[in-house]
Amino acid sequence: TQLSLNETARKKEIADDKAKRLELENQRRSAKGEKPLAKLDDADDDPDAPPPAGKSKDKDKEPDALLIEAGHVLLDAMPIYQKTSVAERYR
């Protein structure tokens, strides 16, 4: 990656990044049937944001796709990596 030291170029890069993140967030929201945001500051349910003090995140809202896929990969790989017993090695 490249980081510009020119202030105006850097501000433009930051604005472009925010616009791209807003577009991606609105695509995600529209796919879930939620209304799109006008700006990123309106997002009150940022999944990467830490929960407020004394409150925990509701993890039951949606399944963790990465965790589910990792489980599928593990199940597919288990037969490959299962060790054979000592008796089976010397048949």
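The structure displayed is predicted, hence computed values, not measured ones.

(A) Structural context of the overall build of the protein chain. Across its full length, the protein chain carries three helices and zero strands. Beginning at the N terminus, the succession of helices and strands in the protein chain can be written as α-α-α. Taken over 91 residues, the protein chain has a buried fraction of 7%. Working note: accessible area of the protein chain is about 8800 Å², and carbon and sulfur atoms make up 56% of it.

(B) Quick look at the confidence of the model for the protein chain. With 68% of its residues at a pLDDT of 70 or more, the protein chain shows a mean pLDDT of 79. Ranking the helices and strands of the protein chain by mean pLDDT puts helix α1 (residues 7-31) first, with 92, and helix α3 (residues 86-89) last, with 64.

(C) How the structure looks around the pattern of salt bridges. Under the definition given, this model contains six salt bridges. Here R28 ties to E25 by a salt bridge, and the two come within 2.7 Å at their closest N and O atoms. Placement of both R28 and E25 in helix α1 is noted, with a separation of three residues, approximately one turn of the helix. Judged by relative accessible area, R28 falls into the partly exposed class, the value being 27%. The partner of E34 in a salt bridge is R29, with the nearest N and O atoms 3.3 Å apart. For E34, a relative accessible area of 29% puts it in the partly exposed group. Here the residues in one salt-bridge network are E25, R28, R29 and E34, joined through shared partners.

(D) How the structure looks around α1. Taking 1.5 Å per residue as the helical rise, α1 with its 25 residues ought to reach 36 Å, and the 36 Å between its terminal C-alpha atoms agrees with that figure. G33, located one to two residues past α1, shows a positive phi value of around 80°.

(E) Highlighting the side chain of E25. Judged by its relative accessible area of 16%, E25 falls in the buried class. Engagement of the side chain of E25 in a polar contact is seen with the side chain of R28, the distance being 2.7 Å. For E25, the residues in contact, after removing those within four places along its chain, are L37 and L40.

(F) How the structure looks around the environment of S4. Looking at the element boundaries, S4 is found in the segment before α1. On the basis of relative accessible area, S4 is assigned to the partly exposed category, the value being 22%. Residue contacts for S4: discarding those within four places in its chain leaves A9, R10 and E13. For S4, the side chain forms a polar contact with the main-chain nitrogen of N6, separated by 3.2 Å.

The rules we used
- Residues numbered from 1 in each chain as written.
- Predicted model: local features only at pLDDT ≥ 70, side-chain atom pairs only at ≥ 80, totals over all residues.
- Heavy atoms only, no water.
- Helix = DSSP H or I, 4+ residues; strand = E, 2+ residues; numbered from the N terminus.
- Buried < 20%, exposed > 50% of the residue type's maximum accessible area, 1.4 Å probe, protein only.
- Areas by Shrake-Rupley, 256 points an atom, 1.4 Å probe, with all protein chains shown as cover.
- pLDDT = per-residue confidence, 0-100.
- Salt bridge = Lys/Arg side-chain N within 4 Å of Asp/Glu carboxyl O.
- Expected span 1.5 Å × (residues − 1).
- Polar contact = N/O pair within 3.5 Å; in protein donor to acceptor, adjacent residues only side chain to side chain.
- Contact = heavy atoms within 4.5 Å.

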